[in-house]
Amino acid sequence: MPDLMVWVTKPGGEAVPDLESLGEEVRGLDHVSEVDVRVEGSVVHVSFQGGKAEQEEIEGAIREAGYEIFKVSHRDTER
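Throughout what follows, the structure given in this document is the object of discussion.

About the cut-offs
- Residues numbered from 1 in each chain as written.
- Predicted model: local features only at pLDDT ≥ 70, side-chain atom pairs only at ≥ 80, totals over all residues.
- Heavy atoms only, no water.
- Buried < 20%, exposed > 50% of the residue type's maximum accessible area, 1.4 Å probe, protein only.
- Helix = DSSP H or I, 4+ residues; strand = E, 2+ residues; numbered from the N terminus.
- Arc of directions from axis to C-beta.
- Contact = heavy atoms within 4.5 Å.
- Pairing = 2+ DSSP bridges.
- Expected span 1.5 Å × (residues − 1).

### A few points about helix H1 (residues 19-27)
(1) Moving on: Those residues of H1 that fall on the buried side of the exposure criterion are Leu19, Leu22, Gly23 and Val26. The arc that holds the buried residues of H1, viewed along the axis, is 100°, so those residues lie on one side.
(2) Moving on: Buried-residue contacts for H1 involve strand S1 (2-9), strand S2 (32-38), strand S3 (43-48) and helix H2 (52-64).

### Focus: the pairing of S2
(1) Moving on: Looking at chain direction, S2 and S3 are connected through 6 bridges and run antiparallel. Note on S3: the bridge partner recorded for Glu34 is Ser47.
(2) Moving on: Hairpin connection, S2 to S3: the antiparallel pair is bridged by 4 residues, and Ser42 has positive phi, about 55°.

### Comments concerning H2
(1) Moving on: Its 13 residues place the ends of H2 18 Å apart at the C-alpha level, agreeing with the 18 Å of an ideal helix rising 1.5 Å per residue.
(2) Moving on: When H2 is considered as a whole, its buried residues turn out to be Gln55, Ile58, Glu59, Ala61 and Ile62. Taken end-on, H2 shows its buried residues confined to a sector of 155°, consistent with a single buried face. The outward face of H2, more than 90 degrees from its buried face, is lined by the exposed residues Lys52, Ala53 and Glu64.
(3) Moving on: Where H2 is buried, its residues touch S1, H1, S2, S3 and strand S4 (68-76).
(4) Moving on: Note on H2: the residue one or two positions beyond its end, Gly66, has a positive phi of about 110°.

Written out as structure tokens, the structure is:
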């Protein structure tokens, strides 16, 4: 199961949801099994089923919520 860590930044002056709300939006994607939001580091950690297309959908949901992606780390894990 792939894990994705996404570091995000909130654009200044724009009304965007808080990080917890962003995590709830990402949790709503069909292929996402787990989301851990770390507010202190502005990191969204996502476990999901699938590959590159599903990763792009997760990143797209984050951008659509109004956040900018600063860095992405992807790894496959055995669970």
